[in-house]
Amino acid sequence: MDYLEIIGKNKLSGSVKISGAKNAALPLLASTILSSNEVKITNLPNVADIKTLLKLLGMLGTEYDQNNTDIVIDSTNVNKTTATYDIVKTMRASILVLGPLLARFGHCEVSLPGGCAIGQRPVDLHLKALELMGAKIELKSGYIVATVDGALKGATIVFDKVTVTGTENIIMAATLAEGKTTIVNAAKEPEVIQLCEILLDAGVQIKGIGTNRIEIVGTNKKLVPFKPFKIIPDRIEAGTYLCAGAITNSKIKIENIIPLHLDAILAKFEEMGYKILREENSVTIFPTKHIKPVNITTTEYPGFPTDMQAQFMAIATMANGVSIVDEKLFENRFMHVSELIRMGANIALNGTVATITGTPNQLIGTDVMATDLRASSALVLAGLVASNITKVHRIYHLDRGYDKLENKLKNIGANIIRKKEN
Ligand code: EPZ
């Protein structure tokens, strides 16, 4: 296993090019199961979760030819419908093959994704929605066994909670259903929007794209002709590097992004005193005289994203005053708190609310352990400003969602190196 060794206190400077969005690429790769032709995709992020999903699709019969961030993928010859435990346990987003496989083949077996470090993360809303569309769902020895006679039937689905992959699964299932599906209380994330846009380009009748009410008229199991597309930029990766600029109080430019996808994140930087320059495909953050404390409540897009909560908590340890972070989406997304406390941070937890009493330069480097993807990035950010040496262990979590993070940080002046555990 690898770890990252960081010697803190370097000022950063320069620019970072952002990769394609992992959370857009995952549903889009799964959606090729719906395609009547091979699909050319560009700007694919080079991260472990994408490799995992491609391995799963390959096991189902998908063929693909990948050249770094470009891929030609052909799922027309998919002939298996079982997503096995060994794959799903490593990446719960494998659940995204459930909707397309069931809609196309009328049956599939997908291992129930276990919980993960950030919470139990059930998929009950996905399953309830598919049952409303005529599927029979059984749970057998840890597998979801889904079947339907003929095509799924269009239905009106009202999600009790906003679910990103739940919305994506039902959009894909509805594409091949018979009749119209209306999703009420749909997720509006940019990644959901891109999935809808790709299907619209393939000729699927979709209304309400980007709203919380989406209507899809199914093709009654007729596969659809996908056009080539480019994955949208990763707004969370972009936010994470802006946090690197913020926590080290440096001027950093983030390129190849869609600034409006970061509105809620940029507003919080400005609340903390940082100047932000928005340009067409880039954002620049400038140092502030002193970092103000901040109050954050995570919510669905376009509100402040849960995937940025840990990173802002690291900045809050450097602010002059008391910050509050309220994590409303996941019941256990504070795994980074104990590690930040070990670095000297003053953080109190009370249920879903973290109270951070910030003091500039209070962090001291030590050995810390990553527990989940975004928590890991928060520990790296803390290491950038801590005195002494910080070693972040179990960084396979980081590799799931960040493409060459240490290289991108090194290129803007961080003293960071990847090493092998002895
Ligand atoms: C997606 O996860 C993202 N993953 C997550 O990013 C992100 O944190 C999350 O959305 C919230 O924005 C991908 O897109 C691959 P949800 P997802 O279903 O779809 C509850 C990262 O760091 N819920 O929107 O699994 C659930 O427990 C990852 O890249 C149910 O109760 O999240 C949570 O409290 C981490 N039943 C809330 O809804 C269900 O059937 C939102 O979950 C489904 C969800």
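No experiment lies behind these values; they were computed from the predicted model shown.

## With respect to the layout of surface pockets
Which parts of space are left empty comes out when a probe the size of a water molecule is rolled across the atoms.
Inference 1: Quantified by volume, the second largest pocket comes out at close to 220 Å³.
Inference 2: Here the residues of the lining of the second largest pocket sort into six nonpolar, six polar and three charged.

## Focus on the packing of aromatic side chains
Inference 1: Under the counting rule described, the total for this entry stands at three aromatic pairs.
Inference 2: Judged by centre distance (6.2 Å) and plane angle (85 degrees), the ring pair of Phe269 and Tyr274 falls under edge-to-face.
Inference 3: The class for Phe269 is buried, based on a relative accessible area of 0%.
Inference 4: Taken together, the aromatic side chains of Phe269, Tyr274, Phe304 and Phe312 make up a single cluster linked through ring pairs.
Inference 5: Here Lys275 stacks its cationic end above the ring of Phe286, 4.1 Å away from the centre of that ring.

## Looking at the sheet that holds strand 10 (residues 156-158)
Inference 1: Here four strands make up an open sheet; going across it, the order is 10-11-13-12 and the pairing mixed. Here the strands that pair on one side only, and so sit at the sheet edges, are strand 10 and strand 12 (205-207). The sheet shows a mean angle of 15 degrees between the axes of neighbouring strands, taken without regard to direction.
Inference 2: In the sheet, strand 11 (residues 180-184) pairs with strand 13 (residues 213-217) via five bridges, with the strands oriented antiparallel. Directly across from Ile183, in strand 13, lies its bridge partner Ile214.

## Observations concerning unusual backbone geometry
Inference 1: The residue after Tyr301, namely Pro302, is reached through a cis peptide bond having omega 10 degrees.
Inference 2: Residue placement: Pro302 occurs in the loop between strand 18 (295-297) and helix 10 (309-316).

## Some points on empty space enclosed by the protein
Inference 1: The full count for this structure, using the stated rule, is three cavities of 30 Å³ or more.
Inference 2: For the largest cavity, the calculated volume is near 60 Å³.
Inference 3: Ala21, Lys22, Asn23, Glu191, Asp234, Arg235, Ile236, Asp307 and Arg374 together form the lining of the largest cavity.
Inference 4: Of all the secondary-structure elements, those providing two or more residues to the lining of the largest cavity are helix 1 (22-31) and helix 8 (235-247).
Inference 5: Split by residue class, the lining of the largest cavity holds two nonpolar, one polar and six charged.
Inference 6: Taken as a whole, the second largest cavity encloses approximately 40 Å³ of empty space.
Inference 7: As for the second largest cavity, its lining consists of Thr240, Tyr241, Ala244, Ser377, Val380, Leu381, Leu405 and Leu409.
Inference 8: At the level of secondary structure, the elements contributing two or more residues to the lining of the second largest cavity comprise helix 8, helix 12 (373-385) and helix 14 (405-410).
Inference 9: A per-class count over the lining of the second largest cavity returns six nonpolar, two polar and no charged.

## Description of the environment of Lys161
Inference 1: With respect to the secondary-structure elements, Lys161 resides in the loop between strand 10 and helix 6 (164-175).
Inference 2: Residue class for Lys161 comes out exposed when judged on its relative accessible area of 60%.
Inference 3: Taking C-alpha positions, Lys161 is 37 Å from Met1, a pair spaced 160 residues apart along the chain.
Inference 4: Apart from residues no more than four positions distant in its own chain, Lys161 is found in contact with Leu125 and Asn185.

## Brief notes about the sheet that holds strand 14 (residues 229-230)
Inference 1: The strand order across the open sheet formed by four strands is 4-5-3-14, and the pairing between neighbours is mixed. A single partner strand is all that each edge strand has here, and the edge strands are strand 4 (63-67) and strand 14.
Inference 2: As paired elements, strand 3 (residues 39-42) and strand 5 (residues 70-74) share three bridges and run antiparallel to each other. If you follow Val39 over to strand 5, its bridge partner there is Ile73.

About the cut-offs
Residues numbered from 1 in each chain as written. Predicted model: local features only at pLDDT ≥ 70, side-chain atom pairs only at ≥ 80, totals over all residues. Heavy atoms only, no water. 1 Å grid on protein atoms, 1.4 Å probe; cavity = no way out; pocket = protein on both sides within 12 Å on 5 of 7 lines; lining within 4 Å. Points joined across faces, edges and corners; volume = space filled by probe spheres on them. Nonpolar A, V, L, I, M, F, W, Y, C, P; charged D, E, K, R; others polar. Phe/Tyr/Trp six-rings, centres within 6.5 Å; stacked < 30°, edge-to-face > 60°. Buried < 20%, exposed > 50% of the residue type's maximum accessible area, 1.4 Å probe, protein only. Lys NZ or Arg CZ within 6 Å of the ring centre and 35° of its normal. Pairing = 2+ DSSP bridges. Helix = DSSP H or I, 4+ residues; strand = E, 2+ residues; numbered from the N terminus. Axes fitted to C-alpha atoms, helices over the stretch in contact; angles between N-to-C directions. Contact = heavy atoms within 4.5 Å.

Keep in mind that these numbers describe shape and distance, not what the molecule does.
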